[in-house]
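Structural features, examined
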Amino acid sequence: MRTRPSTTWPGFYYDGRTALRRPVTITVMATGLRMATEEDTFLWWPYEQLHLAQGALPGEQIRLERGPEPSETLVVSDEAFLSAIRAGAPAAARHLLPAFRRRHWAGLVLLAGAGAVIVGLAIYAWGIPALADLAAEQMPPAWEERLGQAALESLAPPNRRCADPRRDAALSEIVARLAAAGPGSAYTFRITVVDEPAVNAFATPGGYLIIHLGLLQATQTPAEMAGVLAHEMQHVRHRHSTRALFREISMRALLSLLVGDAGGLGQALETAGTLGELRYRRQDEETADRDGMELLQAARVDPNGMVSFLRRLSRGESGAPRSQAYLSTHPLTTERIKHLERMAAGARYTPIPLLQGVPWREIGMRCTAAP
Ligand SMILES: [Zn+2]
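First, a word on scope: everything that follows refers to the structure included in this document. (Residues numbered from 1 in each chain as written. Predicted model: local features only at pLDDT ≥ 70, side-chain atom pairs only at ≥ 80, totals over all residues.)

**Overview of the overall build of the protein chain**
Scanning the protein chain from terminus to terminus reveals 13 helices and 10 strands. Of all 371 residues assigned to the protein chain, the portion counted as buried reaches 36%. Taking as baseline every contact in the protein chain between residues at least 6 positions apart, the subset at least 24 positions apart corresponds to 65%. (Helix = DSSP H or I, 4+ residues; strand = E, 2+ residues; numbered from the N terminus. Buried ≥ 20, exposed ≤ 12 C-beta atoms within 10 Å, placed from the backbone. Contact = placed C-beta atoms within 7 Å.)

In structure tokens form, the structure reads like this:
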């Protein structure tokens, strides 16, 4: 018989018949535990007769039991004792393996718990937006148009709309020139001017472009207006507003399901009207800038208009409080402006003026004749 003594461990021995606690010094042997009492008597516990009653979880006192109830018990406080058995007596480790496995299993339960939380967070942070993006991507343009119409009704209620045939014609001419220069699009772009002093513009799904009167007044040339419109048209073409709306709706729907609020779903569907508060993602802004600038150049519009308007906005020159609205839905960074400046500087063509012969200030900067 191979006897390979390891280090010794202090513990307490209970005989199972009395409450007497006897201090022992334990030696881990290859086939069992050898316990020396204070009276210098020895107890021999073959591993195959033992089972681990406690100690499978980290931090627990180790309790080994032997024989039928009321069994003899050995209590060891040092957690390393089990590792010593595993190292010094592989056969014992195999015998006590269920106990070790339990220890691992407990760890797995903890891991699984943490995993569920992480998966939950991932679904919340990534999964729902990803599903929303997928849904927005698959949506037929005709449906987007209906969604956009609902948003339009809310963002630009008929009694707030500014009707002015001369201005409408001018804005439509700019959009038509841009649309004709771009790649074929499934969307029809329509502009609605709203009697709001805030500098702001929205693109609803399906091609409805909403311009606040404050933004129109903040532009100094048709090329600046074209810059804003080209950017908004790219938000439509890339379905940024559709995605933003879907993300918001699905998130609210999910939250209402989680808190068991059945009415929340209805509220979520009303979110179409809050499109004006949705922020585009930074990469959406960059895409709309880049492709908007390309569209301007394809249409031979002066690319500096887009740059000068944004530069003025960022400096707060158009009235800082009024321009906050546009900046909150279209986050503006110095990188954005720098990038646009670089693109504009790279343009190699002579711009063809927009609305030739019509002074920009005369197209109607006031809201006239709301129907
Ligand atoms: Zn934008």
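**A closer look at the sheet that holds strand 10 (residues 208–212)**
Taken in spatial order, the three strands make up an open sheet running 8-10-9, and their pairing is mixed. In this open sheet, the two edge strands, each paired with only one partner strand, are strand 8 (190–194) and strand 9 (201–203). Taking each pair of neighbouring strands and ignoring which way they run, the sheet shows an average axis angle of 15°. Contacting strand 8, strand 9 and strand 10, helix 4 (residues 141–155) crosses the sheet at an angle of about 15° to strand 10. Contacts from helix 7 (residues 222–237) reach strand 9 and strand 10 within the one sheet, and its direction differs from that of strand 9 by about 30°. (Pairing = 2+ DSSP bridges. Axes fitted to C-alpha atoms, helices over the stretch in contact; angles between N-to-C directions.)

**Quick look at the packing of helix 7 against helix 11 (residues 304–314)**
As a packed pair, helix 7 and helix 11 sit with axes 7 Å apart at the nearest point and diverge in direction by 85°. In terms of orientation, helix 7 lies roughly perpendicular with respect to helix 11. Across the interface between the two elements, Ala223, Glu224, Ala226, Gly227, Val228 and Ala230 from helix 7 touch Gly305, Met306, Ser308 and Phe309 from helix 11. In the contact of helix 7 with helix 11, the residues fall into six nonpolar, three polar and one charged. (Parallel < 35°, antiparallel > 145°, perpendicular 65-115°, else oblique. Nonpolar A, V, L, I, M, F, W, Y, C, P; charged D, E, K, R; others polar.)

**Looking at the sheet that holds strand 3 (residues 32–37)**
What the seven strands build is an open sheet, ordered 4-3-2-1-7-6-5; its pairing is antiparallel. Because the sheet does not close on itself, it has two edges, and the strands there are strand 4 (42–46) and strand 5 (50–54). The average undirected angle you get between the axes of adjacent strands in this sheet is 35°. Where strand 1 (residues 8–14) lies against strand 7 (residues 72–76), three bridges are found, and the strand directions are antiparallel. Following the sheet pairing, Phe12 is matched in strand 7 by Val75. Strands in contact with helix 1 (residues 80–88) are strand 1, strand 2 (22–28), strand 6 (62–66) and strand 7; relative to strand 2, the strand with the most contacts, it is inclined by about 35°.

**Digging into helix 1**
Taken as a whole, helix 1 has its buried residues at Phe81, Leu82 and Ile85. Looking down the long axis of helix 1, one finds its buried residues gathered within 100° of arc, a one-sided arrangement. Exposed residues pointing more than 90 degrees away from the buried face of helix 1 are listed as Ala80, Ser83 and Ala87. Looking at the packing, one finds that the buried side of helix 1 touches strand 1, strand 2, strand 6, strand 7 and helix 2 (90–95). (Arc of directions from axis to C-beta.)

**Let's talk about the pairing of strand 7**
In this structure, strand 6 lies alongside strand 7, joined through five bridges in antiparallel fashion. The residue of strand 7 that forms the bridge with Arg66 is Glu72. What sits between strand 6 and strand 7 in their antiparallel hairpin is a turn of five residues, with Gly67 showing a positive phi close to 80°.

**Thoughts on the pairing of strand 1**
Alternating positions in strand 1 separate cleanly, Trp9, Gly11 and Tyr13 being buried on one face and Thr8, Pro10, Phe12 and Tyr14 remaining unburied on the opposite face. Bridge count for strand 1 against strand 2 is six bridges, and the pairing is antiparallel. Pairing of Trp9 across the sheet is with Ile26, part of strand 2.

**What about unusual backbone geometry?**
Peptide bonds are trans in most cases, and residues, glycine excluded, mostly fall at negative phi. Not every positive phi belongs to a glycine, and Arg300 is a case in point at roughly 60°. Note on placement: Arg300 falls in the loop between helix 10 (282–298) and helix 11. The phi angle at Leu355 is positive, at roughly 50°, despite the residue not being glycine. Among the secondary structure elements, Leu355 is positioned in the segment after helix 13 (334–345). Given 20 C-beta atoms within 10 Å, Leu355 falls into the buried group.

Distances and angles like these do not, on their own, reveal function.
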